[in-house]
Amino acid sequence: MATVLDVASYILAERGPMTAMKLQKLCYYAYGYHLAWEERPLFTERFEAWANGPVCPQLYQQHRGLFQLPADALDGDPGRLDDGERESIDLVLDGLSHMTAHQLSEMTHREPPWQRARGRSGANDLDRSNEPLTDADIAEFFEALTTVDGQ
């Protein structure tokens, strides 16, 4: 199975340099849509409900202290992705990569997986939280987005 670093490296290879926050959010959306479309996780690492939206701590450790990430910033191997994983990521990139990091972050703040995790932790707007987003919440939300007219 691919890792979050493999996915992030693939995104950087496909779209070039970007901010760390934008990369985090694109990884999150790729994870969510892949979970809904393929009914399997894209990688084993989890996202936490940080103040600026979902963040994967393992990815954060790789880019900590960097605002802008060059295309070769991470130690991931995009070659570990299978065809279905690449397809999910490509669809997300086609639909969302034009958005800014701030727009993506704001979008996550309006969505149940992040809101529920923040609620469980009791965190206010700018409070720190390491409450994980659950696959059940992520799957429920993204599956609803991918069905036609909610059916």
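Residues numbered from 1 in each chain as written. Predicted model: local features only at pLDDT ≥ 70, side-chain atom pairs only at ≥ 80, totals over all residues. Heavy atoms only, no water.

Things to note about helix 7 (residues 135-146)
So, step 1. Here helix 7 spans 16 Å end to end across twelve residues, near enough to the 16 Å set by a 1.5 Å rise per residue.
So, step 2. For helix 7, the elements touching its buried residues are helix 2 (20-38) and helix 6 (112-121). (Helix = DSSP H or I, 4+ residues; strand = E, 2+ residues; numbered from the N terminus. Expected span 1.5 Å × (residues − 1). Contact = heavy atoms within 4.5 Å.)

Thoughts on the packing of aromatic side chains
So, step 1. Counting across every chain of the model gives eleven aromatic pairs.
So, step 2. With a centroid separation of 5.0 Å and an interplanar angle of 70 degrees, the aromatic rings of Trp-50 and Tyr-60 are classed as edge-to-face. Here Trp-50, found in strand 2 (residues 48-50), pairs with Tyr-60, found in helix 3 (residues 57-63); they are ten residues apart in sequence, far enough to count as distant.
So, step 3. Cluster of aromatic residues (ring-pair linked, three or more members): Tyr-28, Tyr-29, Tyr-31, Tyr-33, Trp-37, Phe-43, Phe-47, Phe-141 and Phe-142. (Phe/Tyr/Trp six-rings, centres within 6.5 Å; stacked < 30°, edge-to-face > 60°.)

Points about the side chain of Ser-97
So, step 1. Its place among the elements puts Ser-97 in the loop between helix 4 (83-96) and helix 5 (101-109).
So, step 2. When its relative accessible area of 17% is taken as the criterion, Ser-97 is described as buried.
So, step 3. Only 3.3 Å separates the side chain of Ser-97 from the side chain of Arg-15, close enough to count as a polar contact.
So, step 4. Polar side-chain contacts of Ser-97 include one of 2.6 Å to the backbone oxygen of Leu-93.
So, step 5. Those residues in contact with Ser-97, other than ones at most four positions away along the chain, are Arg-15, Lys-22, Leu-26 and Val-92. (Buried < 20%, exposed > 50% of the residue type's maximum accessible area, 1.4 Å probe, protein only. Polar contact = N/O pair within 3.5 Å; in protein donor to acceptor, adjacent residues only side chain to side chain.)

What about helix 4?
Residues spaced three or four apart along an α-helix point in a common direction, a consequence of the helix completing one turn every 3.6 residues.
So, step 1. Between its first and last C-alpha atoms helix 4 spans 20 Å; for 14 residues at 1.5 Å apiece the expected length is 20 Å, and the two agree.
So, step 2. Of all the residues in helix 4, the buried ones are Gly-84, Glu-85, Ser-88, Ile-89, Val-92, Leu-93 and Leu-96.
So, step 3. Looking at the buried positions of helix 4, the neighbouring elements they touch are helix 1 (4-15), helix 2 and helix 5.
So, step 4. At the N-terminal boundary of helix 4, the capping side chain belongs to Asp-82, with an oxygen 3.0 Å from the backbone nitrogen of Gly-84.

Focus on the packing of helix 2 against helix 4
So, step 1. One can describe the packing of helix 2 onto helix 4 by two numbers: an axis separation of 9 Å at closest approach and a directional angle of 125 degrees. Overall, the two elements helix 2 and helix 4 adopt an arrangement that is oblique. Crossing angle aside, the handedness with which helix 2 passes helix 4 is right-handed. Residue-level inspection shows Leu-26, Tyr-29, Ala-30, Tyr-33, His-34, Trp-37 and Glu-38 of helix 2 in contact with helix 4, the latter providing Gly-84, Glu-85, Ser-88, Ile-89, Leu-91, Val-92, Leu-93 and Leu-96.
So, step 2. Within the contact of helix 2 with helix 4, the residues separate by chemical class into ten nonpolar, three polar and two charged. (Axes fitted to C-alpha atoms, helices over the stretch in contact; angles between N-to-C directions. Parallel < 35°, antiparallel > 145°, perpendicular 65-115°, else oblique. Left-handed = near helix turned anticlockwise from the far one by under 90°. Nonpolar A, V, L, I, M, F, W, Y, C, P; charged D, E, K, R; others polar.)

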